[in-house]
Amino acid sequence: MRTRSVRPVIAAALAAGALTGALVATPAQAAEYSSALKITGVQYDAPGRDNNSCTTGNTKAEFVTIKNYARTGRVNLKGYVVKDAVGNSYTFRNNHYLEPGDYVKLRGGRGTESDSGNVAYRNNCNFIWNNDKDTIKLIKPGGAAADTHSYTKSANDRDGNGYITFH
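Structure report, in brief. Please read all numbers here as calculations on a predicted model, not as lab measurements.

Criteria and thresholds
Residues numbered from 1 in each chain as written. Predicted model: local features only at pLDDT ≥ 70, side-chain atom pairs only at ≥ 80, totals over all residues. Heavy atoms only, no water. Pairing = 2+ DSSP bridges. Helix = DSSP H or I, 4+ residues; strand = E, 2+ residues; numbered from the N terminus. Axes fitted to C-alpha atoms, helices over the stretch in contact; angles between N-to-C directions. Phe/Tyr/Trp six-rings, centres within 6.5 Å; stacked < 30°, edge-to-face > 60°. Buried < 20%, exposed > 50% of the residue type's maximum accessible area, 1.4 Å probe, protein only. Lys NZ or Arg CZ within 6 Å of the ring centre and 35° of its normal.

### Thoughts on the sheet that holds strand β10 (residues 145-152)
1) Next: In space, the 4 strands of this open sheet follow the order β5-β4-β9-β10, with antiparallel pairing throughout. Here the strands that pair on one side only, and so sit at the sheet edges, are β5 (89-91) and β10. Taking each pair of neighbouring strands and ignoring which way they run, the sheet shows an average axis angle of 10°.
2) Next: Here 3 bridges tie strand β4 (residues 81-83) to β5, and the two strands are oriented antiparallel to one another. Pairing of Lys83 across the sheet is with Ser89, part of β5.

And the structure:
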């Protein structure tokens, strides 16, 4: 069986300008997910010396911010999961509604998960985000990815304040 070369076809298409967009190299981009909820930023390195004591520690100063970017319609966080690279996770267990443009800060430490004050607590006094690099995943209740961001201190935190903005 004889095979035909596709080179003459590609060359002719290039000459006609038909494939120029298909063959142009494009820069790598982060995956965008079809979710109204996005991770807007992370305070991955709490100010001060890390201390995970529930009474005197600073784990409440470590947080991730999740925002509802929908133009209309509120989103219930119940069942959403926030994970780090090694699988440490927090699942929103209560109804927690985000109106369009609204946000919640998921903090370490002890506290409640409620709509008041735009804050939820992991009820865990251990730090979740690594101070050098990590990956933050926001997962929908059905298991699909809503948003994911990886960071390194050296590449993403130019001012060294322990906070990185994503969206």
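There's more to say after this.
### A few points about the packing of aromatic side chains
Think of a pair of aromatic rings as described by two things: how far the centres are apart, and how the planes are tilted against each other in angle.
1) Next: In the structure shown here, the tally under the stated rule is 3 aromatic pairs.
2) Next: For the ring pair Phe63 and Tyr163, a centre distance of 6.1 Å and an interplane angle of 40° mean the geometry is tilted. In this pair, Phe63 is assigned in strand β2 (residues 63-68) and Tyr163 in strand β11 (residues 163-165), connecting sequence segments 100 residues apart.
3) Next: The exposure class assigned to Tyr163 is partly exposed, which follows from its relative accessible area of 25%.
4) Next: Geometrically, the ring pair formed by Tyr90 and Phe92 is edge-to-face, given 5.2 Å between the ring centres and 85° between the ring planes.
5) Next: According to the relative accessible area criterion, Tyr90 is buried, its value standing at 11%.
6) Next: In this structure, Arg74 packs its charged tip against the face of Tyr97, placed 4.0 Å from the ring centre.

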